[in-house]
Amino acid sequence: MAKHCEVCGKSALKAAKLTFSHKQIVKRQSPNLQEIRVNVNGQTKKMTVCTSCLKAGKVQKAV
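Only a predicted model underlies this, so the values are computations on that prediction, with no experimental measurement involved. (Residues numbered from 1 in each chain as written. Predicted model: local features only at pLDDT ≥ 70, side-chain atom pairs only at ≥ 80, totals over all residues. Heavy atoms only, no water.)

Student: When you look at the overall build of the protein in this model, what are you seeing that I'm missing?
Tutor: A tally of regular secondary structure across the protein gives one helix and four strands. Counted from the first residue to the last, the protein has its helices and strands arranged as β-β-β-β-α. Against the compact-globule benchmark of 11 Å for 63 residues, the protein has a radius of gyration of 16 Å, which places it well outside the compact range. Here the C-alpha coordinates of the protein stretch approximately 55 × 20 × 15 Å along the principal axes. Put simply, 31% of the contacts in the protein that link residues at least 6 apart link residues at least 24 apart. Counting every atom, the protein has about 5200 Å² of accessible surface; 49% of that belongs to carbon and sulfur. (Helix = DSSP H or I, 4+ residues; strand = E, 2+ residues; numbered from the N terminus. Rg over C-alpha atoms; globule rule 2.2 N^0.38 Å. Contact = heavy atoms within 4.5 Å. Areas by Shrake-Rupley, 256 points an atom, 1.4 Å probe, with all protein chains shown as cover.)

Structure follows, in structure tokens:
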């Protein structure tokens, strides 16, 4: 599975949480990626797409 969305290019981010005692905790926030079949130029192709692209209708799922 790819590490980024093949439509919008969204990938994982690093997020730092700073506590009261100034300990820095670094977490990795990854997007919700799904591997689905997509119609591209009349052909069916497997792509890794984030759920926000699916919901926005940027890709057409194959039947």
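Next comes the rest of the account.
Student: Quick question: what am I supposed to make of the pairing of strand 2 (residues 24-29) here?
Tutor: Little of strand 2 sits out of view: just zero of its six residues are buried. Pairing of strand 1 (residues 13-18) with strand 2, which is carried by six bridges, proceeds in the antiparallel orientation. Counterpart to A15 in the pairing with strand 2 is K27. (Buried < 20%, exposed > 50% of the residue type's maximum accessible area, 1.4 Å probe, protein only. Pairing = 2+ DSSP bridges.)

Interpretation in functional terms is not warranted from these geometric data alone.
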